[in-house]
Amino acid sequence: MINLDGADRKAIVAWLSRGRAVSARVRDAAKTSKYRLVDPDESAAGDRFDIAVVDLRGVETDRTLANELLTRARRLAPTAGAVILASSEIDENTRAFLRRRGDVCFVGEDAAPVMAAIRERLRLSALVDEMGERVKSLVADGRPVSFARLHQEKQALRVLVAGAPSPLTLTAFNAVRAGAAQATCVFTAGQVMRALDHGEFDSAIFLPKSEGDLLFALARALRRHREYRSVPVLLACEDADILDRFLVRDGFDVIQAGHIEADLSRRIDLAARRARMAAAVRAFLRAPEGVGGGRGYAASARFFAFHATRIFQRADDANEAVSFAALQIRPQTADSVILEAAKTASRILRAEDMIARLAPGSLVVLLRGVKESEARRIAERLEGVIGGSLPRAAIAGAEIAVGAVQRHPGDDLEETIAALFRNLRSSSYSAAG
């Protein structure tokens, strides 16, 4: 066993390598992210893995060994697939060989940046997994399902290149154009904002020159912005150490400066296609069709119960956590206020979290893979945001309470919902607005 960080873990990571020890920095980064790293040779039979990491640093040119480790990783059946660790110094042919076999994270001696790649793969996997379960529930409940919003038209990518005038910026611009994409080049963070205001882009490549460059701050802001987070941003910098620090801390998608000419076009295309698909999946999960025909971003009580029962069965099979969070406004307020509260909640919850109205003046949220302590924090955040955003006139004199419970393995929906409302009744109410 590589590290044990208690039962409060978010994912189990199978770590495969050929004789390379896992560094203390990687173990610390995994513990911070609440990932449990496991050597498959020391794991118990039947262990379930969420994702696999195949460390090929130093042996990338041994294609027989690489295929052997990757085949073994697939046999472990990780739900989020595998991430390949490779040295940034390998040649173009070897990089192309590895890219054909999975996502590649290029690092040096310090492999801590792989935690960002793991996090992104797990997020995408959770999103797609929820869509699969949601479609099963819709079909089993006899509801129509359309995938029209997932259809992607074939078109030239529109890419924004941003960086101070330099040979690296010119190389990136030429690499984008060589890949048959439409490229727009700007030099400052302010010009980036003006370009985004006046045009639509599928992806962007930022080339900051120093740690204090505003392009770093802008990349973080765009990722949090609801309108622009579907535009994936790749970062490249001449200083690889700066890039690694920001990758570890913020989880940016990066490309090595030496890889831009040969790899940028393919990386941009992959990032843009994934972002478009993820945006379409999120839109489906939040649409009335995706919540069983509910109103105002909230599922109908019948479909919520139907889907939650399916999720409970899945959780028992996979030993996953499932929790509920609830928010209640009393005295009972107008339907329009509750619908507005559900709309506000959808903005701060994950797309895969299902919202429903199971009682007058109440919202209940189904949270997959979330433990009770996290569900409590989510509920408290809902209380603060919703209480502060609803029109004061609409909730004058009203009070808000929140509650959260984690479902016990084997419990049915009625038992869990009953525990949730007992928790809600015992909660103290705070003045709304």
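Everything discussed here concerns the structure shown above.
Undergrad: I would appreciate a short explanation of the overall build of the chain in the present structure.
TA: From N to C terminus, the chain includes 13 helices and 15 strands. For 433 residues, the compact-globule formula gives about 22 Å, and the C-alpha radius of gyration of the chain, at 23 Å, lands near that figure. Projected onto its principal axes, the C-alpha coordinates of the chain cover approximately 65 × 55 × 40 Å. The 433 residues of the chain split such that 49% are buried. If you take every contact in the chain between residues at least 6 apart in sequence, the share linking residues at least 24 apart comes to 75%. Accessible surface computed for the chain: about 20,200 Å², of which carbon and sulfur atoms make up 50%. The averaged location of the 56 negative side-chain charges in the chain is 3 Å from the averaged location of its 63 positive side-chain charges.

Undergrad: So what exactly am I meant to see when it comes to the sheet that holds strand S6 (residues 158–163) here?
TA: Hydrogen bonds along the backbone pair up the strands of a sheet, which may run parallel or antiparallel. The parallel open sheet is built from 5 strands, whose spatial order is S7-S6-S8-S9-S10. Every interior strand has two partners, whereas the edge strands, strand S7 (182–186) and strand S10 (253–254), have only one. Sheet strands touched by helix H6 (residues 189–198): S6, S7 and strand S8 (203–207). Its angle to S6, the strand with the most contacts, is close to 165°. Strand contacts of helix H9 (residues 260–286): S6, S8, strand S9 (233–235) and S10, with the helix running at about 140° to S8, the strand carrying the most contacts.

Undergrad: How do you make sense of the pattern of salt bridges when you look at a structure like this?
TA: Where charged atoms of side chains with opposite charge meet at close range, the side chains can pair. Going through the model one piece at a time under the given rule, you end up with 32 salt bridges. The shortest N-O distance in the salt bridge between aspartate 50 and arginine 48 comes to 3.2 Å. Judged by relative accessible area, which is 13%, aspartate 50 ranks as buried. The partner of aspartate 103 in a salt bridge is arginine 274, with the nearest N and O atoms 2.9 Å apart. Here aspartate 103 is found in strand S5 (residues 103–107), whereas its partner arginine 274 is found in helix H9, with 171 residues between them in sequence. A relative accessible area of 32% means that arginine 274 is categorised as partly exposed. Taken together, the shared-partner salt bridges connect Arg48, Asp50, Asp129, Glu130, Glu133, Arg134, Lys136, Arg314, Glu320 and Arg368 into one network.

Undergrad: Just to check I follow, could you spell out the packing of aromatic side chains for this structure?
TA: Aromatic ring pairs are defined here through the distance separating the ring centres and the angle between the ring planes. Under the defined criterion, the tally for this structure stands at 2 aromatic pairs. Summarising the aromatic geometry, the rings of phenylalanine 304 and phenylalanine 324 are spaced 6.0 Å apart at their centres and angled 50° between planes, so their arrangement reads as tilted. You can see phenylalanine 304 sitting in helix H10 (residues 301–318) and its partner phenylalanine 324 sitting in strand S11 (residues 322–330), a full 20 residues away along the chain. The exposure classification of phenylalanine 304 matches that of phenylalanine 324, with both residues buried. Centroid distance phenylalanine 312 to phenylalanine 324: 6.1 Å. Interplanar angle 70°. Geometry classified as edge-to-face. Pair noted here: phenylalanine 312 is in helix H10 and phenylalanine 324 is in strand S11, with a separation of 12 residues, a long-range link. Residues phenylalanine 312 and phenylalanine 324 agree in their burial class; the two are buried. Among the aromatic residues, those joined into a ring-pair cluster are Phe304, Phe312 and Phe324. If you follow arginine 407 out to its NZ or CZ, it ends over the ring of phenylalanine 312, 4.4 Å from the centre.

Undergrad: I keep staring at the sheet that holds strand S2 (residues 35–38) and nothing clicks. Help me out?
TA: With respect to topology, 5 strands assemble into an open sheet ordered S2-S1-S3-S4-S5, the strand pairing being parallel. The two strands at the open ends of the sheet, each matched to only one other strand, are S2 and S5. Strand-to-strand twist of the sheet, defined as the mean angle between neighbouring strand axes without regard to direction, takes the value 25°.

Undergrad: Hey, could you run me through the pairing of S2 in this one?
TA: Looking along a regular strand, one sees the side chains alternate between the two faces of the sheet. Where burial is concerned, the two faces of S2 agree: the one with Tyr35 and Leu37 and the one with Arg36 and Val38 are both buried. Two strands pair when backbone bridges link them, and strand S1 (residues 11–17) and S2 are joined in this way by 4 bridges, in the parallel orientation. Looking at the pairing, alanine 14 lines up with valine 38 of S2.

Undergrad: In this structure, what is going on with the side chain of arginine 368? I would like to understand it.
TA: Secondary-structure assignment places arginine 368 in strand S13 (residues 362–368). In this structure arginine 368 comes out as buried when scored by relative accessible area, which is 11%. One polar contact links arginine 368 to aspartate 129, side chain to side chain, over a distance of 2.7 Å. Ignoring sequence-local partners within four residues, the contact set of arginine 368 consists of Asp129, Glu130, Glu133, Ile311, Arg314, Glu320, Ala321, Arg350 and Asp353.

Undergrad: Before we go on, may I ask you to explain the packing of helix H4 (residues 114–140) against H10 in this structure?
TA: Here H4 crosses H10 at 125°, and the two axes come no closer than 10 Å. What the angle tells us is that H4 and H10 run oblique. In this structure, H4 meets H10 at a crossing whose hand is right-handed. Contacts from Asp129, Glu130, Glu133, Arg134, Lys136, Ser137, Leu138 and Ala140 in H4 reach Phe303, Phe306, His307, Arg310, Ile311 and Arg314 in H10. The residue inventory of the contact of H4 with H10, partitioned by class, reads 5 nonpolar, 2 polar and 7 charged.

Undergrad: Quick question: what am I supposed to make of a positive patch on the surface here?
TA: Judged by side-chain charge, Arg226, Arg229, Arg282, Lys343 and Arg347 come together as a positively charged surface patch. Turning to its location among the elements, arginine 282 is positioned in helix H9.

Undergrad: Sorry if this is basic, but what is going on with the environment of arginine 20 here?
TA: Summarising the element assignment, arginine 20 is placed in the loop between S1 and helix H1 (24–32). Sequence separation between arginine 20 and leucine 56 is 36 residues; the distance between their C-alpha atoms is 9.1 Å. Setting aside residues no more than four positions away along its own chain, arginine 20 makes contact with Asp55, Arg57, Gly58 and Glu109. Among the polar contacts listed, one links the side chain of arginine 20 to the backbone oxygen of arginine 57, at a separation of 3.4 Å.

Undergrad: What's the story with unusual backbone geometry in this structure? I'm lost.
TA: Backbone phi values are negative for most residues with the exception of glycine, while trans is the configuration of most peptide bonds. One non-glycine residue, lysine 34, adopts positive backbone phi at about 65°. Tracing the backbone shows lysine 34 in the loop between H1 and S2. The partly exposed category is assigned to lysine 34, whose relative accessible area is 26%. For alanine 77, which is not glycine, the phi dihedral falls at a positive 55°. Here alanine 77 is to be found in the loop between helix H2 (63–75) and strand S4 (82–87).

Rules and cut-offs
- Residues numbered from 1 in each chain as written.
- Predicted model: local features only at pLDDT ≥ 70, side-chain atom pairs only at ≥ 80, totals over all residues.
- Heavy atoms only, no water.
- Helix = DSSP H or I, 4+ residues; strand = E, 2+ residues; numbered from the N terminus.
- Rg over C-alpha atoms; globule rule 2.2 N^0.38 Å.
- Buried < 20%, exposed > 50% of the residue type's maximum accessible area, 1.4 Å probe, protein only.
- Contact = heavy atoms within 4.5 Å.
- Areas by Shrake-Rupley, 256 points an atom, 1.4 Å probe, with all protein chains shown as cover.
- Lys, Arg positive; Asp, Glu negative; His and termini not counted.
- Charge placed at Lys NZ, Arg CZ, Asp CG, Glu CD.
- Pairing = 2+ DSSP bridges.
- Axes fitted to C-alpha atoms, helices over the stretch in contact; angles between N-to-C directions.
- Salt bridge = Lys/Arg side-chain N within 4 Å of Asp/Glu carboxyl O.
- Phe/Tyr/Trp six-rings, centres within 6.5 Å; stacked < 30°, edge-to-face > 60°.
- Lys NZ or Arg CZ within 6 Å of the ring centre and 35° of its normal.
- Polar contact = N/O pair within 3.5 Å; in protein donor to acceptor, adjacent residues only side chain to side chain.
- Parallel < 35°, antiparallel > 145°, perpendicular 65-115°, else oblique.
- Left-handed = near helix turned anticlockwise from the far one by under 90°.
- Nonpolar A, V, L, I, M, F, W, Y, C, P; charged D, E, K, R; others polar.
- Patch = residues over 30% accessible without salt bridge, like charges linked within 9 Å, V, L, I, M, F, W, Y side chains within 5 Å.

Any link to function would need more than the numbers given here.
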